[in-house]
Amino acid sequence: MIKNPYPAHPHFQELISTLEGEQTGTQYLEGLTGSSRAALIHACLNELKGPHLILFQDKEEAAYFYTDLVTLDGSPDRTLFFPSSYKRSVQYQQTDEANIITRTQTLRRLSERRVASFIISYAEALVESVVSKQQLGKTTLEVKQGEKIDMSFLEEILRTYNFQLVDFVHEPGQYSIRGGIADVFSYASSFPFRIDFFDDEVDSIRIFDTDTQRSLETVKKVNIIPNIQWESERGEKRISFLEYIPSGTTLWMDNPELISDRIHDLYDRTEFDTDTDTDTDSEQVIEKAVYLKDGELIREQLGNFRQVLFGIGHRQKEQSIWKFNTAPQPPFQKNFELLTTHMNECAANGCTNFISSDSEKQ
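Residues numbered from 1 in each chain as written. Predicted model: local features only at pLDDT ≥ 70, side-chain atom pairs only at ≥ 80, totals over all residues. Heavy atoms only, no water.

A. Quick look at helix α3 (residues 59-73). Between its terminal C-alpha atoms α3 stretches 21 Å, which fits the 21 Å expected from 15 residues at 1.5 Å a residue. For α3, the full list of buried residues reads Ala-62, Phe-65, Leu-69, Val-70, Leu-72 and Asp-73. In a view along the axis of α3, the buried residues occupy a sector of 160°, so they form one face of it. The outward face of α3, more than 90 degrees from its buried face, is lined by the exposed residues Glu-60 and Tyr-64. Of the surrounding elements, those touching the buried residues of α3 are α2 (36-47), β2 (52-56), β3 (79-82) and β4 (118-122). Its side-chain oxygen placed 3.3 Å from the backbone nitrogen of Glu-60, Asp-58 serves as the N-cap of α3. Taken from the residues just after α3, Gly-74 is the one with a positive phi, measuring 85°. (Helix = DSSP H or I, 4+ residues; strand = E, 2+ residues; numbered from the N terminus. Expected span 1.5 Å × (residues − 1). Buried < 20%, exposed > 50% of the residue type's maximum accessible area, 1.4 Å probe, protein only. Arc of directions from axis to C-beta. Contact = heavy atoms within 4.5 Å. Polar contact = N/O pair within 3.5 Å; in protein donor to acceptor, adjacent residues only side chain to side chain.)

So this is what it looks like as structure tokens:
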């Protein structure tokens, strides 16, 4: 794990004290470039209590930041990613199962109220509504080793959850039953799990690989969650993701205006096909407002949280500005002479050079 230098920065403790003393308000971090944003924010996250939501304009920026944060933290356990459900954009309505699984896992983690988490997301993910914590709890079946469950009851629940019966599971939303063994691929897991029964008692639960059918891990309990996207859960009450996260969450954003503008643009561009019983424009708008959240609503909800801005945007006079002095790495074009000259110049100006690599040989 990389040692983070920012806890020793002159501004650090003062920034932490300011954030700890505020429930709302806005702080502005100026002069952060590249991975320095992740380094400073990671140092702050380790000091501040409560969950933190870091928002970006697009998926690429969010993914880069997620990688930096996991690298600095040394483990992905408490760093969550909340993506859009779609391959390209909600307006094309082509869902991505891997993204739906990740969204469901994040919602489940947040509902469990575990250790404070770092959540990274972006505009296209916020435009989609989510089920409430109460509804997620209603549609979650927890199976524990040692408990008694009738196999027919389990199969009835799976059919109610719209799981598909197949010979061998290979994607989320499927299940198979062979004798006293039930294989289930939940939308809250990246791998399916195999439940072994002894009569009506859960004897063991194993996570397995669909390609090799080999067990990857033995666990004590699992959560069976169906597809909770709006396409599968029409009629259920849905809320904004900003309503789902705890009220004491700290928001870190690169530019809230551009984020809300992006959401507003996605909302305007997205049109749903009307159902047979909803064939008027007004009824279609009502449905759209249920399953998507407009930029104006998101902008209003963002104001309910304590905010820290670190991007290039319009600063308000009431914002506290914290200045840092970082610069992007100049292009060396694989020229080691340029690299050496640059490092010597940095050393002459009182800087300390650090070189990181994947291996000692490199």
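B. Spotlight on the packing of helix α1 (residues 12-20) against α2. One way to put it is that α1 packs onto α2 with a least axis distance of 11 Å and a crossing angle of 55°. Classed by the angle they form, the pair α1 and α2 counts as oblique. Between α1 and α2 the crossing geometry is right-handed. Residues Phe-12, Leu-15, Ile-16 and Glu-20 of α1 pack against Leu-40, Ala-43, Cys-44 and Glu-47 of α2. Taken together, the residues of the contact of α1 with α2 sort by class into 6 nonpolar, no polar and 2 charged. (Axes fitted to C-alpha atoms, helices over the stretch in contact; angles between N-to-C directions. Parallel < 35°, antiparallel > 145°, perpendicular 65-115°, else oblique. Left-handed = near helix turned anticlockwise from the far one by under 90°. Nonpolar A, V, L, I, M, F, W, Y, C, P; charged D, E, K, R; others polar.)

C. Representation of the nonpolar core. One finds Leu-53, Leu-107, Phe-241, Tyr-244 and Ile-245 to be the most contacted residues of the largest nonpolar core, which totals 36 residues. Among residues more than four places away in sequence, those in contact with Leu-107 are Phe-82, Val-130, Leu-136, Ile-228, Phe-241 and Tyr-244. (Core = buried A, V, L, I, M, F, W, Y, C linked by side-chain atoms within 4.5 Å.)

D. Broad picture of the packing of helix α9 (residues 256-269) against helix α11 (residues 295-302). α11 packs onto α9 with a crossing angle of 150° between their chain directions and a minimal axis gap of 7 Å. Here α9 is positioned roughly antiparallel relative to α11, judged by the angle of their axes. Each of Pro-256, Glu-257, Ser-260, Asp-261, Ile-263 and His-264 in α9 lies in contact with α11, whose residues at this interface are Gly-295, Glu-296, Ile-298, Arg-299 and Leu-302. Considered class by class, the residues forming the contact of α9 with α11 number 4 nonpolar, 3 polar and 4 charged.

E. Here's a closer look at the side chain of Arg-103. With respect to the helices and strands, the residue Arg-103 is situated in helix α4 (residues 97-111). Its relative accessible area of 2% is what places Arg-103 among the buried residues.

F. Seen up close, α4. Taking 1.5 Å per residue, 15 residues should reach 21 Å; α4 reaches 21 Å between its end C-alpha atoms and fits that length. When α4 is considered as a whole, its buried residues turn out to be Asn-99, Ile-100, Ile-101, Arg-103, Thr-104, Thr-106, Leu-107, Arg-108, Arg-109 and Leu-110.

G. Main features of the pairing of strand β8 (residues 174-178). Pairing of strand β7 (residues 164-165) with β8 involves 2 bridges; the strand directions are parallel. When the bridges of β8 are listed, Gln-164 appears paired with Gln-174. Pairing of β8 with strand β9 (residues 181-184) involves 4 bridges; the strand directions are antiparallel. The residue bridging Ser-176 from the neighbouring strand is Asp-183, located in β9. The loop that links β8 with its antiparallel partner β9 comprises 2 residues; one of these, Gly-179, has a positive phi angle of about 65°. (Pairing = 2+ DSSP bridges.)

H. Summary view of the pairing of strand β12 (residues 215-219). Bridging between strand β11 (residues 201-208) and β12 involves 4 bridges; their strand directions are antiparallel. By the bridge assignment, Phe-208 is partnered in β12 with Ser-215. Once β11 ends, the chain turns through 6 residues before running back antiparallel as β12, passing Gln-213 with a positive phi of about 65°.

I. Focus on the sheet that holds strand β16 (residues 306-309). Read across the open sheet, the 7 strands follow the order β3-β4-β2-β15-β16-β1-β17; overall the sheet is parallel. For this open sheet the edge positions go to β3 and β17 (320-323), each flanked by a neighbour on one side alone. Neighbouring strand axes in the sheet, compared pairwise and without regard to direction, differ in orientation by 20° on average. Where strand β15 (residues 250-253) and β16 come together, 4 bridges link them in parallel fashion. Note on β16: the bridge partner recorded for Trp-252 is Val-308. Along the sheet, α2 contacts β1 (26-30), β2, β4 and β15; its crossing angle with β2, the most-contacted strand, is approximately 160°. Relative to β3, α4 is tilted by about 130°, and along the sheet it contacts β3 and β4.

J. Quick look at the state of the cysteines. As enumerated under the stated definition, the model contains 0 disulfides in all. Cysteine Cys-346 shares no disulfide, and the gap to the nearest cysteine sulfur, in Cys-351, comes to 5.1 Å. (Disulfide = S-S within 2.5 Å.)

K. Representation of unusual backbone geometry in the model. Not every positive phi belongs to a glycine, and Asn-162 is a case in point at roughly 65°. Its location among the elements puts Asn-162 in the loop between α7 (151-160) and β7.

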